[in-house]
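Residue-level listing of the chains:
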Amino acid sequence: ALSAKHVREKQRLLVVANRLPVSATRKGESSWALELSAGGLVSALLGVRQFETRWIGWPGVNVQDDKGQKSLSSALEEKGFIPVFLDEETVDQYYNGYCNNVLWPLFHYIGLQQEDRLAATRSLQSQFSAYKRANRLFAEVVLSQYQDGDVVWCHDYHLMFLPKFLKEANSRMKLGWFLHTPFPSSEIYRTLPLRSELLKAVLTADLIGFHTYDYARHFVSACTRILGLEGTPEGVEDQGKLTRVAAFPIGIDSERFIKALETDMVRSHIQKLRGRFAGRKVMLGVDRLDMIKGIPQKLLAFEKFLEESPEWQDKVLLVQIAVPTRTDVHEYQRLTSQVHEIVGRINGRFGTLGTVPIHHLVVMQDRSLEFHELCALYAITDVLLVTSLRDGMNLVSYEYVACQNTKKGVLILSEFAGAAQSLGAGAILINPWNISEVAASIEDALTMKEVERKERHRHNFMHVTTHTAQVWADTFVSELNDTIVEAELRTLR
Ligand code: ADQ
């Protein structure tokens, strides 16, 4: 135990994810502006302080000249970030193509339209090659940074080949892989043309983590049904070698939100928002503009609610914050127009000269929503609406709960978000495809008695403040260490 503690104190954690948690903008030939960027993984790992963490990932810009690469590398390295440079062609084939057009929809049970699916099938082989090539580039950078005793934690569906490439180069590396999305039922997963190679590559990791027990179970069945391996309560066994598979539900840095609420900046913003929305109940949605988030479904449910409850028409508003992502992908452009059209229709139907029922705010880089503004919004909101059609976890619901200790607002949460398994007892769970059910839940949430709101909130707040990002990372990395120790013991025996 002593040596384990000793190791842990000195331990370096190499976090490898597709994107570095910064956006870099070139200001001159060799000068860069860096800005911390939004996203679930970023928010979670910001809370991890017990390791000396280094990030390895793509900086999100195309820099091909030597001077640019060198200057960006040194600007990033000062902050503990190591860049993996990808050229435009690779980004298009690997990131937009295989990751976002093949794996992302498949893992979220989203059927592409027939024509897109056919197009995707035609380019699959070249995209898959680019995917492997990109994973190799990541592996090279990790190997150049790796020191004995480091723990390597690979993240997400972008890097399913990374464990294999790393283990081939160094079989003693402590290596974990965590999936931030759902892992789909094996019946869905097995439609993927190159299904076996991916599974085998991931299985070279020492520890594989998912947000929920269900995702872990789906993964184990995919391994048993597609690869013919043995599934055990511990994980997947291949000729005596066990790869541990388990659920590690992510959390947030709840303290960061709770403390922010005490600051003057957030307080004065809260006052401002209260004034602006006086006399009306505020409902809120905060989502990346992604088809998994069920934004059209949310809007249609809100429309139905307004239709059926005319007495609420000038007493409630929905603030929908949309963060555009993957704007190069066709499906996302289609979604954006669809959302704009529905918002326009509803505001036209139920708006007055003075006000509209939906405040739809598209957050761009030049119009970003600052952290203190987000906290203030969470704090003044009466009802948060999460209608994801599938969502690995959904951290927005956690952040909302963390900011609601005064108001004790209601969380309406899709049963298809991983968070439904942890916040289910305090939230109103809904099936986002059932518009009438969601509309009825809106009414229930808006009229819920204080005693019930308090009780539901107490449950969720307790969960969010105890199952934090720190606990998540610590649990994962500790278990990763133990797994290795066991493996080494076996070889010693
Ligand atoms: P996301 O799909 O991005 O994450 P989510 O978990 O809700 O979804 O996280 C979004 C994060 O972005 C939140 O922390 C939120 O505060 C932040 N955010 C939103 N708008 C912002 C803005 N304008 N500026 C700054 N930050 C903003 C993926 C999976 C999820 C999974 C997470 C973590 O899809 O299911 O929960 O990873 O594993």
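So, here's what we can say about the structure. No experiment lies behind these values; they were computed from the predicted model shown.

1. Focus on the sheet that holds strand β7 (residues 174-178)
Adjacent strands of a sheet pair through backbone hydrogen bonds, lying either parallel or antiparallel.
Logical step 1: Strand order in this open sheet of 9 strands is β5-β4-β1-β6-β7-β8-β11-β10-β9, and the pairing throughout is mixed. This sheet does not close on itself; its edge strands, each paired only once, are β5 (81-83) and β9 (230-231).
Logical step 2: Strand direction decides the pairing type here: β9 and strand β10 (residues 235-238), joined by 2 bridges, are antiparallel. Within β10, the residue paired with E230 across the bridge is E237.
Logical step 3: Packed on one face of the sheet, helix α7 (residues 162-169) meets β1 (12-19), β6 (151-155) and β7 and runs near 175° to β7.
Logical step 4: Across the sheet, helix α10 (residues 213-227) is in contact with β8 (207-210), β9, β10 and β11 (241-247); its angle to β11 comes to roughly 150°.

2. A few points about the sheet that holds strand β16 (residues 410-414)
Logical step 1: Reading across from one edge, β14-β13-β12-β15-β16-β17 is the order of the 6 strands in this open sheet, with parallel pairing throughout. Among the strands making up the open sheet, the edge pair consists of β14 (358-362) and β17 (428-430). For this sheet the average axis-to-axis angle between neighbouring strands, irrespective of direction, equals 20°.
Logical step 2: Where β16 and β17 come together, 3 bridges link them in parallel fashion. Across the sheet, the residue bridging to I412 is I428, located in β17.
Logical step 3: With respect to the sheet, helix α18 (residues 435-447) is in contact with β12 (281-288), β13 (316-323), β15 (383-386), β16 and β17, its orientation differing from that of β17 by roughly 170°.

Calculation notes
- Residues numbered from 1 in each chain as written.
- Predicted model: local features only at pLDDT ≥ 70, side-chain atom pairs only at ≥ 80, totals over all residues.
- Pairing = 2+ DSSP bridges.
- Helix = DSSP H or I, 4+ residues; strand = E, 2+ residues; numbered from the N terminus.
- Contact = placed C-beta atoms within 7 Å.
- Axes fitted to C-alpha atoms, helices over the stretch in contact; angles between N-to-C directions.

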